[in-house]
Each structure stands twice: as C-alpha cells, then as structure tokens.
Amino acid sequence: MGGRARFPLLLALDSWTYDGEHCSYEESLLAFIEAEQPFCSYEVIPRLTQALEVLTLRTESDAFAESFRALVPDATPETLAALAQVSFAHLTEHDA
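Predicted model only: the values in this text are computed from it and were never measured.

### What to know about helix H4 (residues 40–60)
Over its 21 residues, H4 extends 30 Å from the first C-alpha to the last, a length consistent with the 30 Å expected when each residue adds 1.5 Å. Turning to H4, its buried residues number three or more, namely Cys 40, Val 44, Arg 47, Leu 48, Gln 50, Ala 51, Val 54, Leu 57 and Arg 58.

Spelled out as structure tokens, the structure:
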C-alpha cells in the first residue's frame, strides 16, 4: 500500500497548520486542534496514530524513511514528534 493511501493525514502538514500567524509549529498545531473542539478526536486521533506509525517505521527501515521523506518532505521526525506531543497533551488534558 502506498504512503498516500496509508498516511493521508500527513501529506500536507505545513498547509493545514502553519500559516505564519503563530510563533512556532507547536502553537499552530494547538490552534488547529483547539479549533476542532469539541470534535477534535475525529481529527486528532487518526492524525496522531499516523504520525506515531510513521515515526516507528522510519526508525525500523531506512528505505521507508527515504521514501516517506520524498513523499512528504515536511514530515520530519521533529515535526512528527511535535504533532504527537501536542496532540497527546491536548487529548490527555481534555479527557480528564
């Protein structure tokens, strides 16, 4: 299965979160997530699981890392980690 079909929510990370109005990528992610309240789980959980899966696969396979980097240059390990951290923190905070 191709990366476009398997990880569709990661294909345009910059275009859906960062438009220059926020000071950091993390702030723009949080703004995006909070804009989806109270239905954020429908967007956040699938994107979080895709990010975690790609992070794992990148460490397990250099070939996967190279092909995914070519497909989605913005999906760096740092960007995916920020996405995972901000998403998980939000879900944890709003689940209590």
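That shown, we press on.
### Structural notes on the environment of Leu 13
Of note, Leu 13 is situated in helix H2 (residues 13–17). Separated by 67 residues in sequence, Leu 13 and Leu 80 place their C-alpha atoms 9.1 Å apart. With residues near it in sequence (within four places) discarded, Leu 13 still touches Tyr 25, Asp 74, Ala 75, Thr 79, Leu 80 and Leu 83.

### A short note on the pattern of salt bridges
Taken as a whole and assessed by the stated rule, the structure comprises two salt bridges. Arg 6 serves as the salt-bridge partner of Glu 53, at 2.6 Å between the closest nitrogen and oxygen. Of this pair, Glu 53 sits in helix H4 while Arg 6 sits in helix H1 (residues 3–6), and the two are 47 residues apart along the sequence. Overall, the relative accessible area of 31% leaves Glu 53 in the partly exposed class. Residue classification places Arg 6 among the partly exposed positions, given a relative accessible area of 35%. For Glu 43, the salt bridge identified is with Arg 47, shortest N-O distance 3.2 Å. In this pair, Glu 43 and Arg 47 both sit in helix H4, four residues apart, roughly one turn of the helix. Under the relative-accessibility criterion, Glu 43 is labelled partly exposed at 28%. Using a relative accessible area of 7% as the deciding quantity, one classes Arg 47 as buried.

How each quantity is defined
Residues numbered from 1 in each chain as written. Predicted model: local features only at pLDDT ≥ 70, side-chain atom pairs only at ≥ 80, totals over all residues. Heavy atoms only, no water. Helix = DSSP H or I, 4+ residues; strand = E, 2+ residues; numbered from the N terminus. Expected span 1.5 Å × (residues − 1). Buried < 20%, exposed > 50% of the residue type's maximum accessible area, 1.4 Å probe, protein only. Contact = heavy atoms within 4.5 Å. Salt bridge = Lys/Arg side-chain N within 4 Å of Asp/Glu carboxyl O.

Function-wise, these values are silent; they only describe arrangement.
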